[in-house]
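One-letter residues, chain by chain:
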Amino acid sequence: MKRLYMDFYNEAEGKKRRIIVNSPADGLTADQVQTAMQTLLDSKVLEGYAIDRAVIVETNSNEFFDLIQ
């Protein structure tokens, strides 16, 4: 599974917030992500926060068995 983590930081309060997007579009660029994050800040959804970082995390699982289906 692929996830996009968008992290924001509020220096005055010492708090962090993370928005997670499941299955982000393939070919997403850093500029597109930064623009989306800035849009959230501009709309006051995360008032007092600043952009910290963004990362795409991909996880894989290897199931050995599933006895109860």
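In this report, we go over the structure that sits alongside the text.

Reading the values: rules and limits
- Residues numbered from 1 in each chain as written.
- Predicted model: local features only at pLDDT ≥ 70, side-chain atom pairs only at ≥ 80, totals over all residues.
- Heavy atoms only, no water.
- Pairing = 2+ DSSP bridges.
- Helix = DSSP H or I, 4+ residues; strand = E, 2+ residues; numbered from the N terminus.
- Salt bridge = Lys/Arg side-chain N within 4 Å of Asp/Glu carboxyl O.
- Buried < 20%, exposed > 50% of the residue type's maximum accessible area, 1.4 Å probe, protein only.
- Core = buried A, V, L, I, M, F, W, Y, C linked by side-chain atoms within 4.5 Å.
- Contact = heavy atoms within 4.5 Å.

Some details on the pairing of strand β1 (residues 2-10)
Part 1 of the reasoning: Two strands pair when backbone bridges link them, and β1 and strand β3 (residues 50-58) are joined in this way by eight bridges, in the antiparallel orientation. Paired with Lys-2 across the strands is Glu-58, a residue of β3.
Part 2 of the reasoning: Direction of pairing for β1 relative to strand β2 (residues 15-22): antiparallel, over a ladder of eight bridges. Bridge assignment links Phe-8 to a residue of β2, and that residue is Arg-17.
Part 3 of the reasoning: Following β1, the chain reverses through four residues before pairing antiparallel with β2; Gly-14 in that reversal takes a positive phi of roughly 65°.

Description of the pattern of salt bridges
Part 1 of the reasoning: Taken as a whole, this structure holds four salt bridges when the rule is applied.
Part 2 of the reasoning: Across the pair Lys-2 and Asp-26 runs a salt bridge, and its minimum N-O distance is 3.0 Å. With Lys-2 in strand β1 and Asp-26 in the loop between β2 and α1 (30-42), this residue pair connects regions lying 24 residues apart in the sequence.
Part 3 of the reasoning: Assessed through its relative accessible area of 25%, Lys-2 is described here as partly exposed.
Part 4 of the reasoning: Close ionic contact of Asp-7 with Arg-18 constitutes a salt bridge, the shortest N to O distance being 2.7 Å. Placement of the pair is Asp-7 in strand β1 and Arg-18 in strand β2, with a sequence separation of eleven residues.
Part 5 of the reasoning: Classification of Arg-18 by relative accessible area gives partly exposed; the value is 42%.

What to know about the nonpolar core
Part 1 of the reasoning: In this structure, Leu-4, Met-6, Phe-8, Val-33, Met-37, Leu-41, Leu-46 and Tyr-49 together form the largest nonpolar core, which totals eight residues.
Part 2 of the reasoning: For this core, the secondary-structure elements that each account for two or more residues are β1 and α1.
Part 3 of the reasoning: Setting aside residues up to four positions removed in sequence, Met-6 forms contacts with Arg-17, Arg-18, Ile-19, Val-21, Val-33, Met-37, Leu-40, Arg-53 and Ala-54.

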